[in-house]
Amino acid sequence: MSLIIPTQYKTKLSIIQTQEAIKDLKDFFEHRLGEELRLTRVSSPLFVLPETGTNDNLNGIEKAVSFEVPDIGKKAEIVQSLAKWKRMALKKYGLPTGRGIYTDMNAIRKDEELDNIHSIYVDQWDWELIIDKKQRSRETLEEVVKKIYKVFKETEEHVQSIYPEIQKILPEEITFITSQELLDLYPELTPKEREDKIVKDKGAVFLMQIGKVLSNGEKHDGRSPDYDDWELNGDILFYNPVLGRALELSSMGIRVDEESLDRQLRESGCDDRRSLDYHQALLKGELPYTIGGGIGQSRICMYFLNKAHIGEVQVGVWPKEMIEECYEAGISLL
């Protein structure tokens, strides 16, 4: 168990104010995200069949929660994210280039290590936007990130207008930097320490090219080989002054095409996935080219409402010791 107790922490909102603010904040952000990126809200699965290949393998070590479905004689898995499912859905819905979908995704990641920002329950807006193959570029990636950052800035303004005690702290612009450039700046630090350092300095950062091996022979962080193109992805990181750490609010990127999927499966030793339905369709060029990602709902609530623990904005399960320490520090877990 890893827990940070901020010195002299005091929540700015009561429990009922927090509940009211959560709904208002989510409604505002969701509406503006859909408008800004031209996304249509759709329904999404809570579980999928593993042989479809549409569940998210995340870093490749997390195991999905599974259960037997007697009527079909098969095992189903609780989703870990919808990175691949959305691309299959876009083909089915027949949307044109420049349009996309988003969904209110709920998942279970049982292998998460519980702390201030990690829970086994995941709630996020999963979104996916169709692009032309010629738009698979860093310019497109940065353009979409700037649109999402605009929504974050508007959300901060909205929250502050309702709750003046919550101050605005986001910088005017988000900083773009690659994982290799970050390593070159702080070679003596760990990946997490590098994130904390750059985000404390800049306030808001889009850290790019996650999943590839860097000059030190290591990856900044793991990333599944079959959804993001490791050259064209990244994380949106904000500085969280309550915890004094970087807070990842979104993981996103331009998705793999036939060539990058082939290369990343080979480099990661995951050639066995080539026979799965999703991978077969992608390698044959049958799926649309897209950019997409997930935006953590509880995390943006935690950030914009100045909370010290994700359990203050979502109901979860926590170790007894964590519950007791939080209670003593005035952190009210729901």
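Heads up: the structure comes first, above all this text.
Residues numbered from 1 in each chain as written. Predicted model: local features only at pLDDT ≥ 70, side-chain atom pairs only at ≥ 80, totals over all residues. Heavy atoms only, no water.

Colleague: In this structure, what is going on with the packing of helix α1 (residues 15-37) against helix α8 (residues 297-304)? I would like to understand it.
Modeller: Two quantities define a packed helix pair, namely the angle between the axes and the distance from one axis to the other. Orientation of α1 relative to α8, taken along the N-to-C sense of each, is 115°, at an axis distance of 10 Å. Two packed elements cross with a definite hand, and for α1 against α8 that hand is right-handed. Contacts between α1 and α8 involve I22, L25, K26 and F29 on the former and, on the latter, Q297, I300, C301 and F304. A class-by-class count of the residues in the contact of α1 with α8 yields 6 nonpolar, 1 polar and 1 charged. (Axes fitted to C-alpha atoms, helices over the stretch in contact; angles between N-to-C directions. Helix = DSSP H or I, 4+ residues; strand = E, 2+ residues; numbered from the N terminus. Left-handed = near helix turned anticlockwise from the far one by under 90°. Contact = heavy atoms within 4.5 Å. Nonpolar A, V, L, I, M, F, W, Y, C, P; charged D, E, K, R; others polar.)

Colleague: Please explain the sheet that holds strand β11 (residues 290-296) as it appears in this structure.
Modeller: Adjacent strands of a sheet pair through backbone hydrogen bonds, lying either parallel or antiparallel. Judged by pairing direction, the sheet is mixed, and its 8 strands sit side by side in the order β1-β5-β6-β11-β10-β9-β8-β7 without closing on themselves. Both edges of this open sheet fall to β1 (39-41) and β7 (175-178), since each of them pairs with a single strand only. In this sheet, neighbouring strand axes are inclined to one another by 25° on average, regardless of whether the strands run parallel or antiparallel. Pairing of strand β5 (residues 100-108) with strand β6 (residues 121-130) involves 9 bridges; the strand directions are antiparallel. Residue pairing across strands places D104 opposite W125, the latter belonging to β6. (Pairing = 2+ DSSP bridges.)

Colleague: I would appreciate a short explanation of the sheet that holds strand β2 (residues 47-48) in the present structure.
Modeller: Taken together, 3 strands build an open sheet; the order of strands is β2-β4-β3 and the sheet is antiparallel. Strands at the two margins of the open sheet, each flanked by one partner only, are β2 and β3 (66-69). Bridge count for β2 against strand β4 (residues 74-78) is 2 bridges, and the pairing is antiparallel. In the strand pairing of β4, V48 is matched with E77.

Colleague: I would appreciate a short explanation of the pattern of salt bridges in the present structure.
Modeller: Side chains carrying opposite charge are able to pair once their charged atoms draw close together. For the coordinates displayed, the defined rule picks out 34 salt bridges. Across the pair E36 and K150 runs a salt bridge whose closest N-O atoms are separated by 3.7 Å. With a gap of 114 residues between them, E36 in helix α1 and K150 in helix α3 (residues 138-162) connect regions that are remote in the sequence. Overall, E36 belongs to the buried group, its relative accessible area being 17%. Residue classification places K150 among the partly exposed positions, given a relative accessible area of 41%. The closest approach of N and O atoms between E259 and K133, which form a salt bridge, is 3.3 Å. Within this pair, whereas E259 is found in helix α6 (residues 258-267), its partner K133 is found in the loop between β6 and α3, the two being separated by 126 residues in sequence. When salt bridges with common partners are traced through the structure, they connect K86, D126, E128, R223, D228, D235 and R255 into a single cluster. (Salt bridge = Lys/Arg side-chain N within 4 Å of Asp/Glu carboxyl O. Buried < 20%, exposed > 50% of the residue type's maximum accessible area, 1.4 Å probe, protein only.)

Colleague: Can you walk me through the packing of aromatic side chains in this structure?
Modeller: Under the definition given, this model contains 9 aromatic pairs. Between the aromatic rings of F29 and F152, the centroid separation amounts to 5.1 Å while the plane-to-plane angle is 50°, which identifies the pairing as tilted. A residue pair is termed long-range when its members are at least 10 positions apart, and F29 in helix α1 and F152 in helix α3 qualify at 123 residues. The pair F29 / F152 is uniform in exposure class, with both members buried. Among the aromatic residues, those joined into a ring-pair cluster are F29, W125, Y149, F152, F238, Y303 and F304. (Phe/Tyr/Trp six-rings, centres within 6.5 Å; stacked < 30°, edge-to-face > 60°.)

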